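The residues making up each chain are set out below.
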Amino acid sequence: MKKLISILFAGLLALPASVMAEDSSKPIVIPTHNWSSQVVMAYVIGGIFESMGNNVEYVPADSQAVYEAIRNGDVTISHEVWQSSFGKSFYNAMAKGGVIDAGTHAAMTLEEMGVPTWVIEKDLCPGLPNWEALKNCKEVFATPDSGGKGRWLEGPQSWHGDLMPVRVEALGLGDDYVVKFAGGADALWADLAAAKKEGRGTIIFNWTPNFTDAEGFTFIDFPEYTDGCRKADGGDGSCGSPKGWLKKAANYKFPKTHPAAYTAFSRMSFTTQDIGQMAALVDIDKMSHEDAAKSWLADHEDVWKPFTEAGM
Ligand code: TMO
C-alpha cells in the first residue's frame with residue numbers, strides 16, 4: 001500500500017506544472033468597446049471563465065489603446081481583434097513585447113463602406129457595388145449636412161482615424177463626397193432604419209459578422225487591399241479593406257497566472273453565425289448586453305462547453 005501511494009505520488013509530481021497549477025483568484029480583466037457583438041462577447045467569455053471558477057472584471061476601453069493596456073497588464077485579453085481596424089495596433093504592441101496572439105476565430109471579417117441591399121435592388125446608383133459607380137450619383141447620397149456632396153457615414157473616429165477621408169481623396173472622389181463620423185454604432189443603425197423608411201440611399205460603414213448579415217447589406221467593391229496600400233503603411237490609401245481575420249490577444253502572463261482560463265480562451269472560436277447572433281440580441285431584440293450574453297450562453301452550451309473541457 002505504501003508503495004502504491006508513493007508511486008501515485010511520483011506520478012503526480014511528474015505532471016507538467018500547467019496541469020497542476022490552479023488559476024489565480026485575481027480577476028481576469030476583460031475590455032468592453034463600442035459595438036454590440038464585442039460587448040456581448042465580453043460577457044459571454046466572462047461567463048465562461050466564471051463557470052470555471054474564475055473571477056472577472058470588465059473595463060470600458062478605447063479599441064486602439066487597449067493593446068497597450070494589455071501589454072502593460074492593466075487589461076488581460078482582447079477577444080475581437082479585427083484585422084482591418086486593429087491589426088496594426090495589435091502587432092505594434094506585440095513587437096514591443098507583452099502581448100501574445102491567442103488564436104483566431106472561425107469567422108472571417110470585412111469592415112467596409114456599403115449600402116443596404118435594397119439600394120442596389122432599386123438601382124438607385126447603377127453600377128454599384130463597383131465603387132466607380134459612385135462618381136455618377138453623389139445626389140443620391142446627399143444629406144442636409146453634406147453641402148451638396150454625397151455623404152459617407154463612417155463609424156466613430158476612434159475606430160480608424162482618417163482612413164476613409166484619405167480614401168475619398170485618394171480615389172479622386174473628394175469633390176463629390178464627404179465623410180461624416182457617427183457618434184456611435186447606434187447612429188449607423190438609426191440611419192439605416194431612417195433611409196429605409198424615407199426610401200433614400202445611404203452609404204455607411206459596416207462590418208461582418210454583424211446583425212445586418214441577416215437583413216441584406218452590400219459592401220462596396222473598392223480597389224483591392226494590398227500590404228502597404230494604406231497611407232499609415234506608406235501607400236496612397238486608394239484601396240479597400242482586407243477580407244480579414246478576427247483574432248484574440250492576451251497579456252503574456254495570462255497563461256501562467258490562469259492556465260485553465262488561458263487554455264479555454266485559446267480554444268475559443270466563434271463563427272459568423274455566433275457573432276451575428278450576439279449582436280442581434282442587442283440591436284434587433286433590444287436586450288441589455290449582460291442579458292444577451294446570459295441568453296446566448298444558456299442557448300449554446302454545445303458551442304462553449306467544449307472550450308472548457310480538458311483534453312480536446
Ligand atoms: C471594429 N468594427 C467591428 C467596429 O469594425
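This text gives an overview of the structure that appears in the document.

For the rest of this paragraph, the subject is unusual backbone geometry. With an omega of 15°, the peptide bond between Leu128 and Pro129 qualifies as cis. Residue Pro209 is reached from Thr208 by a cis peptide bond, and omega for that bond is 10°. Position of Pro209 relative to the elements: it lies in the loop between β8 (203-208) and β9 (217-219). Although it is not a glycine, Asp123 adopts a positive phi angle of roughly 55°. For Asp123, the position within the fold is in the loop between α6 (117-121) and β6 (150-154). A relative accessible area of 48% places Asp123 in the partly exposed class.

With respect to spatial proximity, the complete set of residues near the ligand consists of Trp35, Trp82, Ser85, Phe86, Glu111, Trp159, Phe205 and Trp207. The contact in question runs from an oxygen atom of the ligand to an N or O atom on the side chain of Glu111, over 2.7 Å. Within the complex, the protein chains bury 100% of what would otherwise be the 210 Å² of accessible surface of the ligand. Breaking the shell around the ligand down by element, the ones donating at least two residues are α5 (83-96) and β8. The residue makeup of the shell around the ligand, split by class, is 6 nonpolar, 1 polar and 1 charged. Here the shell around the ligand spans two domains, and each of domain 1 (28-108 + 244-308) and domain 2 (110-233) adds at least three residues to it.

An ideal rise of 1.5 Å per residue puts 20 Å on 14 residues; helix α9 (residues 185-198) measures up with 20 Å between its terminal C-alpha atoms. Taken together, the buried positions of α9 are Ala185, Leu188, Trp189, Asp191, Leu192 and Ala195. Relative to the axis of α9, the buried residues are bounded by an arc of 155° and lie together on one face. Of the residues in α9, the exposed ones pointing more than 90 degrees away from the buried face are Asp186, Lys197 and Glu198. Looking one or two places after α9, you find Gly199, whose phi comes out positive at around 65°.

Reading across from one edge, β3-β10-β4 is the order of the 3 strands in this open sheet, with antiparallel pairing throughout. In this open sheet, the two edge strands, each paired with only one partner strand, are β3 (77-82) and β4 (99-104). For this sheet, the mean angle separating the axes of adjacent strands, direction not counted, is 30°. Bridge analysis of β3 against strand β10 (residues 246-251) gives 4 bridges, and the strand direction is antiparallel. Bridge pairing in β10 links Trp82 to Leu246. Across the sheet, helix α11 (residues 259-267) touches β3, β4 and β10, and the angle it forms with β10 is around 165°.

To continue, consider the side chain of Arg151. Residue placement: Arg151 occurs in strand β6. Reaching out from Arg151, the side chain makes a polar contact with the side chain of Thr202 at a distance of 3.4 Å. Setting aside chain neighbours within four positions, we find Arg151 in contact with Phe141, Ala142, Thr143, Asp145, Ser146, Tyr177, Val178, Lys180, Asp191, Arg200, Thr202 and Ile203.

Attention shifts here to the packing of aromatic side chains. Two aromatic rings are characterised by how far apart their centres lie and by the angle between their planes. Considering all chains together, one arrives at 20 aromatic pairs under this definition. With a centroid separation of 5.2 Å and 70° between ring planes, the pair formed by Phe217 and Phe219 is classed as edge-to-face. Across the pair, Phe219 and Phe217 agree in class, each one buried. On the numbers, 5.7 Å between centres and 90° between planes, the contact of Phe254 with Tyr262 is edge-to-face.

Counting buried positions along β8 yields 6 of 6 residues, so the element is predominantly enclosed. Of the two faces of β8, both are covered, the one formed by Ile203, Phe205 and Trp207 as well as the one formed by Ile204, Asn206 and Thr208. With 5 bridges joining them, strand β5 (residues 110-116) and β8 adopt antiparallel strand pairing. Along β8, the bridge assignment pairs Glu112 with Asn206. Of the strand pairs in this sheet, β6 and β8 are connected by 2 bridges, and their pairing is parallel. In the strand pairing of β8, Leu153 is matched with Ile204.

So, about the nonpolar core. Grouped burial of nonpolar side chains is what soluble globular proteins tend to show. The biggest cluster of nonpolar side chains holds 88 residues, and the ones touching the most others in it are Phe49, Phe141 and Trp152. Among the elements that line this core, the one with the most residues is helix α3 (residues 36-51), at 9 residues. Shared between two domains, this core takes at least three residues from each, and those domains are domain 1 (28-108 + 244-308) and domain 2 (110-233). If near-sequence neighbours (up to four positions away) are discounted, Phe49 is found in contact with Ile28, Ile30, Asn54, Val56, Ile77, Phe254, Ala261, Phe265 and Met268.

Of all 7 residues that make up β5, 7 are buried, and the element is covered over most of its length. The pairing of β5 with β9 spans 3 bridges and is antiparallel. Paired with Gly114 across the bridge in β9 is Phe219.

Cut-offs applied
Residues numbered from 1 in each chain as written. Predicted model: local features only at pLDDT ≥ 70, side-chain atom pairs only at ≥ 80, totals over all residues. Heavy atoms only, no water. Helix = DSSP H or I, 4+ residues; strand = E, 2+ residues; numbered from the N terminus. Buried < 20%, exposed > 50% of the residue type's maximum accessible area, 1.4 Å probe, protein only. Near = heavy atom within 4 Å. Polar contact = N/O pair within 3.5 Å; in protein donor to acceptor, adjacent residues only side chain to side chain. Areas by Shrake-Rupley, 256 points an atom, 1.4 Å probe, with all protein chains shown as cover. Nonpolar A, V, L, I, M, F, W, Y, C, P; charged D, E, K, R; others polar. Domains from an automatic or database assignment. Expected span 1.5 Å × (residues − 1). Arc of directions from axis to C-beta. Pairing = 2+ DSSP bridges. Axes fitted to C-alpha atoms, helices over the stretch in contact; angles between N-to-C directions. Contact = heavy atoms within 4.5 Å. Phe/Tyr/Trp six-rings, centres within 6.5 Å; stacked < 30°, edge-to-face > 60°. Core = buried A, V, L, I, M, F, W, Y, C linked by side-chain atoms within 4.5 Å.

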